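Overview (structure and organization)
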Amino acid sequence: MALTLFNTQTRKKELFEPLDAACVGMYVCGPTVYDLAHIGNARPIIVFDVLYRLLRDIYGADSVTYVRNITDVDDKINAAAQASGEPISAITARTTQAFHDDIDELNALPPDVEPRATEHIGEMIDMIETLIASGHAYEAEGHVLFHVPSDDDYGKLSNRDREEMLAGARVEVAPYKRDPADFVLWKPSEEGLPGWDSPWGRGRPGWHIECSAMSRKHLGLTLDIHGGGADLVFPHHENEVAQSECASPGQPFVRTWVHNGFLSVNGEKMSKSLGNFITIRDALDGAPGEVLRLMMLSTHYRHPLDWTEEGVQQARTRLDRLYRVLQNAGEVSETGSDDADSGDPGFDAALHDDLNTPLALSELERQADELSKLDGPDTGRHRRTFLASAGMLGILQQDPKAWFKGADAAEDVSHIEAQIALRLEARNAKDFGTADNIRDALAENGIILEDRPDGTTDWRRTG
RNA sequence: GGCCGGGUGGCAGAGUGGCUAUGCGGAGGACUGCAAAUCCUUUUAUGCCGGUUCGAUUCCGGCCCCGGCCUCCA
């Protein structure tokens, strides 16, 4: 089935065809590790995780290389260290660990390569030297700058005209710039700041050069897919294109640019500078990662997504229902034939159409409806297809029992079961007042009881 | 000002030139001691103004509103 993706470069949905189907490369801009990641960071993690899963499904797991960098040298990190007194290496190590822990909860597969900027300084210096040699960059007062007018194609990704950009510029232009649009490739580091020896003295890289240097090292000169948040289109990705293509004339940098839309919170922009941001950790306190994942996938990746508590609740209810269907289908003996899994055409078509996860989700729910009505030898096969579809979205992969009951302490469970037994006694004695009191008390602790037709009582956790 | 998204029923959110998803919620019913869960039934929409068309939510033009980017940001 053909995969189409919306290419930011051409502003069109295009048939995706990798340069080499045996070696598909995807590069996604990762976090700058100076603080806990927020839910806006979580969106590209989840979106590109789904794309990664889909590419692996199409081309084979061994044929896809997903590279997502860690930016561990940056002025924000330096500022955080200065503010707290914590050593830079401690901040980056701690924040990187926190990032991994957080996105693990979101069921995101780890990338194949996770390069760190500080481990690629040599590659960056090499690239900068190439740019200077070819007249695309120059040294000035210890800085090395990319000279934007030297690149005729500059602006092609973000569709910006240089003249217009200058007209709208609100920043002060550093005096050493030959052109106001020129941007930093390398800058001097004074005492106390991270720095590396270079032909231009002790210094550190600018932000954009790291992605150009690391992507080419790990994926080659031309990437099949480069992804990130829509806010990175300009200037970050535009500058990456300029650096990479000027350093290797005739080699296109990226074939398909994929950008996810912006996330807002209760209709407002979320930003670190405004301080109204919700960290992934905060969000995980309120709901399991799988719920957050489902919530993010219920809006198309290119559209704006507004984060609300109600939206989280809706996702939770939806996921509960899917797990319930899975649970019920699991009670049917697996006697179906073991045909090779052919997938679900409706679901697959939705996902292959520019990652239409909201539609895919509704197809998944259609599968759930069908599964819940089945009661025969086909059940096992449907269940497997259903699970495979859900797996493409990275959901429904745990035991329904674990989902509803959680993995809490055994004494907690025995307490619940003891209460259920007490309630059963009361019900048998027609003492419904006592029975309802027990049920209400459990409900206050987030335990919902469900009486079954056979006289037994099941329970589940909520919230 | 320039560039890019978006405006769909109570809410969330897709597709589609005519037969008008899906989910959450609401209403009614079945089931239940009552619930919960499940099942059945049900309600409501396409920002505004033109144009093309037999017919537009869907195509074209204009306008209005919201958000993002143009400065660190996923």
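From a predicted model like this one, the values you see are computed outputs, not experimental measurements. (Residues numbered from 1 in each chain as written. Chains lettered and ligands numbered in written order. Predicted model: local features only at pLDDT ≥ 70, side-chain atom pairs only at ≥ 80, totals over all residues. Heavy atoms only, no water.)

Observations regarding the pattern of salt bridges
Following the criterion strictly, the structure yields 26 salt bridges and no others. A salt bridge links R302 to D354, with the shortest nitrogen-to-oxygen separation between them at 2.8 Å. Of this pair, R302 sits in the loop between helix 9 (289–297) and strand 13 (305–307) while D354 is found in the loop between helix 11 (345–352) and helix 12 (357–373), placing the two residues 52 residues apart along the sequence. For D354, a relative accessible area of 1% corresponds to the buried category. Across the salt bridge formed by R321 and D369, the nearest N and O atoms sit 2.5 Å from each other. Of this pair, R321 sits in helix 10 (residues 309–330) while D369 sits in helix 12, and the two are 48 residues apart along the sequence. A residue is classified by how much of its surface remains accessible, and R321, at 35% relative accessible area, is partly exposed. Each of D344, E363, R366 and E370 takes part in a single network of salt bridges with overlapping partners. (Salt bridge = Lys/Arg side-chain N within 4 Å of Asp/Glu carboxyl O. Helix = DSSP H or I, 4+ residues; strand = E, 2+ residues; numbered from the N terminus. Buried < 20%, exposed > 50% of the residue type's maximum accessible area, 1.4 Å probe, protein only.)

Regarding the protein's contact with RNA strand B
Taken together, 51 residues lie around RNA strand B, and K76, W207, G229, L232 and R439 are the ones closest in. Sugar and phosphate atoms form 62% of the subset of RNA strand B atoms that lie within 4 Å of the protein. Taking L263, its main chain carries an N or O atom lying 3.1 Å from a base nitrogen of RNA strand B. One of the side-chain nitrogen or oxygen atoms of N356 is found 3.4 Å away from a sugar or linking oxygen of RNA strand B. When contributions to the surface near RNA strand B are tallied by element, the ones reaching two or more residues are helix 1 (39–59), strand 9 (223–229), helix 10, helix 12, helix 15 (410–428), helix 16 (432–444) and strand 14 (447–451). Ranked by the residues each element gives to the surface near RNA strand B, the list is headed by helix 10, at six residues. Among the residues forming the surface near RNA strand B, the class breakdown is 14 nonpolar, 17 polar and 20 charged. (Near = heavy atom within 4 Å. Polar contact = N/O pair within 3.5 Å; in protein donor to acceptor, adjacent residues only side chain to side chain. Nonpolar A, V, L, I, M, F, W, Y, C, P; charged D, E, K, R; others polar.)

Concerning the domain arrangement of chain A
Domain annotation of chain A identifies domain 1 (16–260), domain 2 (272–401) and domain 3 (406–461). Relative to domain 2, the C-alpha centre of domain 1 lies at a distance of 32 Å. Tallying the contact residues gives 28 residues for domain 1 and 30 residues for domain 2. Both faces combined, the contact of domain 1 with domain 2 buries some 2,600 Å², and carbon together with sulfur accounts for 67% of it. Of all residues in domain 1, I39, R43 and V50 bury the most surface against domain 2, accounting for 26% of the area lost on that side. Scanning the region where domain 1 abuts domain 2 turns up two salt bridges. Between R293 and D49 there is a salt bridge, with the nearest N and O atoms lying 2.6 Å from each other. Joining domain 1 to domain 2, the criterion identifies 11 residue pairs in polar contact (both at pLDDT 80 or more). Where the side of domain 1 that touches domain 2 is concerned, the elements lending two or more residues are helix 1, helix 3 (88–105) and strand 10 (254–260). Sorting elements by how many residues they give to the side of domain 1 that touches domain 2 places helix 1 first, with 13 residues. Of the residues assigned to the side of domain 1 that touches domain 2, the class counts are 15 nonpolar, five polar and eight charged. (Domains from an automatic or database assignment. Contact = heavy atoms within 4.5 Å. Buried area = accessible area lost by both parts, 1.4 Å probe.)

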